[in-house]
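# Fold and contact review
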Amino acid sequence: MQSTLAKLIIHLLALLPLRIAYLLGTILGYMAYLIPNSLQKPAKINIDRCFPELTAEQRARIYKNSFIELGRVATETGALLLWNKDRTLKLIKKVSGVELVEQALAHGKGAIIAAPHLGAWEMIGLYCSSKYAMTSLYRPLRMSQLDPIVKQARERFGATLVPTNVSGVKTLYRALENDQLAGILPDQDPGTEGSVFTPFFGIPASTMTLLPRLANKSGATVIFAYAERLPKGAGYHIHFLAAPGPIHGKDFVESATHLNKGVENCIRQSPAQYQWSYKRFKTRPEGEPPFY
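Residues numbered from 1 in each chain as written. Predicted model: local features only at pLDDT ≥ 70, side-chain atom pairs only at ≥ 80, totals over all residues. Heavy atoms only, no water.

Our next topic: the environment of Glu 193. On the secondary structure map, Glu 193 appears in the loop between strand E5 (181-184) and strand E6 (195-200). By relative accessible area, Glu 193 is classed as exposed at 67%. (Helix = DSSP H or I, 4+ residues; strand = E, 2+ residues; numbered from the N terminus. Buried < 20%, exposed > 50% of the residue type's maximum accessible area, 1.4 Å probe, protein only.)

Pasting the structure below:
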C-alpha cells in the first residue's frame with residue numbers, strides 16, 4: 001500500500017512545472033519546520049554544533065530554511081525521476097567548474113565524483129551520465145517495491161548503478177580504469193567498519209575510507225559536485241569543485257580529512273540546502289557520549 005501511494009505521488013508530482021513543485025515543497029517544508037517531528041532534533045543539534053561561530057539568529061535561519069529545502073527535495077522528485085532527458089537538462093541554468101572533469105578525464109585515469117546530500121543531488125548523476133560514461137554506487141531503497149522505479153530513473157540517461165558490495169566496488173575500479181566517472185555519496189556515516197574518525201566542521205565524524213582507497217588504487221582525480229537549487233523554482237546551478245587536498249594518499253586518515261573538508265566547502269556555499277536532519281555524527285569515538 002505504501003509503495004503504491006509513493007508511486008502515485010511521484011507521478012502526480014511529475015505533472016507539475018518545477019515552479020509549482022517548488023512552491024508546494026516550500027509549504028510542505030514549512031509544515032515540517034512548525035509541526036514537531038523526529039527530524040527536528042538532529043537538524044538543530046547538527047547546525048548548532050557545526051556553526052558555533054554564527055549567532056543564534058543565524059543558526060535559527062539556517063535551521064528553518066533547511067526544512068523548507070527538505071520539502072523541495074521531496075516535491076522535485078517527480079521531475080528528477082520521470083521527466084525526459086531534454087526537459088530535465090533544461091532545468092540546468094549554469095554549470096561551473098566542468099573543466100575540472102574534462103582535465104581529469106584527459107589524464108586517462110577517470111574521475112571520482114563526490115556528491116554530498118546538498119541541493120538536488122539527484123541532478124548530479126543525471127547531468128554527468130548524460131555527458132560521460134558513469135558508474136555510481138547505489139544502496140537499494142528500504143521500500144523494495146519502489147526500488148526498481150528509482151534505479152531505472154537514475155540510469156535513464158546512461159548511468160550504471162552498482163550495489164554497495166565487493167562486486168560493486170570492483171565495477172567502480174573497472175570504470176576508472178576505462179577513464180570513466182565513478183559516483184559516490186561521501187557524507188554518510190559508515191559506522192565502525194571501513195572508516196576512520198576525522199574532523200567534519202571540527203567534530204570527529206566516522207568517515208568512509210572507500211573513496212580514498214579507490215582514489216589511491218586507481219589514481220583517479222576526486223572532484224566534488226552539487227546542484228544548487230535556484231530561487232523560485234528557476235532550475236539548478238551545478239558546481240564542480242576541486243578537492244582541498246590530496247585524497248589519494250596511503251594515509252587514509254589524512255585523505256579522509258581532506259574528503260570531509262571538501263564536503264564542508266560545498267556545504268558552506270549553500271548551508272540551508274544540506275540535509276541537516278541526517279544523523280551524520282551517530283557513530284562516536286569510543287568513550288564519547290551519544291551525539292543525539
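Here the narrative resumes.
For the rest of this paragraph, the subject is the packing of aromatic side chains. Applying the stated criterion across every chain yields a total of twelve aromatic pairs. Look at Tyr 33 and Tyr 63: their rings are 5.8 Å apart centre to centre, the planes differ by 65°, and that puts the pair in the edge-to-face class. On the criterion of sequence distance, the pair formed by Tyr 33 in helix H2 (residues 18-34) and Tyr 63 in helix H4 (residues 56-75) is long-range, its members being 30 residues apart. Arranged with centres 5.5 Å apart and planes meeting at 70°, the rings of Phe 51 and Trp 276 form a pair that is edge-to-face. Within this pair, whereas Phe 51 is found in the loop between helix H3 (40-50) and H4, its partner Trp 276 is found in the segment after helix H12 (252-269), the two being separated by 225 residues in sequence. In terms of burial, Phe 51 and Trp 276 fall into one category: buried. Clustering of aromatic rings is evident, with ring pairs tying together Phe 51, Phe 200, Phe 201, Tyr 274, Trp 276, Phe 281, Phe 291 and Tyr 292. A cation over a ring is seen here: Lys 217 above Tyr 173, with NZ or CZ 4.6 Å from the ring centre. (Phe/Tyr/Trp six-rings, centres within 6.5 Å; stacked < 30°, edge-to-face > 60°. Lys NZ or Arg CZ within 6 Å of the ring centre and 35° of its normal.)

Tracing the sequence through the fold places Arg 72 in helix H4. At a separation of 2.8 Å, a polar atom in the side chain of Arg 72 contacts the side chain of Glu 69. If sequence neighbours within four positions are ignored, Arg 72 has contacts with Tyr 22, Gly 25, Thr 26 and Arg 229. (Polar contact = N/O pair within 3.5 Å; in protein donor to acceptor, adjacent residues only side chain to side chain. Contact = heavy atoms within 4.5 Å.)

At their nearest, the axes of helix H10 (residues 166-177) and helix H11 (residues 210-218) sit 10 Å apart, and the two run at 40° to each other. Here H10 lies oblique to H11, going by the angle between them. In terms of crossing hand, the pair formed by H10 and H11 is right-handed. Contacts between H10 and H11 involve Val 169, Leu 172, Tyr 173 and Leu 176 on the former and, on the latter, Leu 210, Arg 213, Leu 214, Lys 217 and Ser 218. Here the contact of H10 with H11 is built from residues that sort into six nonpolar, one polar and two charged. (Axes fitted to C-alpha atoms, helices over the stretch in contact; angles between N-to-C directions. Parallel < 35°, antiparallel > 145°, perpendicular 65-115°, else oblique. Left-handed = near helix turned anticlockwise from the far one by under 90°. Nonpolar A, V, L, I, M, F, W, Y, C, P; charged D, E, K, R; others polar.)

Now for the pairing of E5. Both faces of E5 are covered, namely the face carrying Leu 181 and Gly 183 and the face carrying Ala 182 and Ile 184. Sheet topology note: the strand E3 (residues 134-138)/E5 ladder contains three bridges and is parallel. Residue pairing across strands places Met 134 opposite Leu 181, the latter belonging to E5. (Pairing = 2+ DSSP bridges.)

Positioned with a positive phi, Asp 179 is a non-glycine residue whose angle comes to about 60°. With a phi angle near 60°, Lys 232 is a residue other than glycine that sits in the positive phi range. Checked against the element boundaries, Lys 232 lands in the loop between strand E8 (221-229) and strand E9 (236-242). Exposure remark for Lys 232: the relative accessible area of 65% places this residue in the exposed category.

As a further point, take H11. Within the sequence span of H11, burial applies to Leu 211, Pro 212, Leu 214, Ala 215 and Ser 218. Buried residues of H11, seen end-on, are gathered within an arc of 160° and therefore sit on one face of the element. At its buried positions, H11 is contacted by strand E2 (111-114), H10, E5, strand E7 (203-208), E8 and H12. One or two positions beyond H11, positive phi appears at Gly 219, with a value near 80°. (Arc of directions from axis to C-beta.)

This brings us to the nonpolar core. One finds Ile 112, Phe 200, Leu 211, Val 222, Phe 224 and Trp 276 to be the most contacted residues of the largest nonpolar core, which totals 40 residues. Beyond its immediate sequence surroundings of up to four residues, Leu 211 is in contact with Ile 112, Ala 114, Ile 184, Pro 186, Val 222, Ile 247 and Leu 259. Within the second largest apolar cluster, 29 residues are counted, among which are Leu 80, Ile 92, Ile 223 and Ile 238. (Core = buried A, V, L, I, M, F, W, Y, C linked by side-chain atoms within 4.5 Å.)

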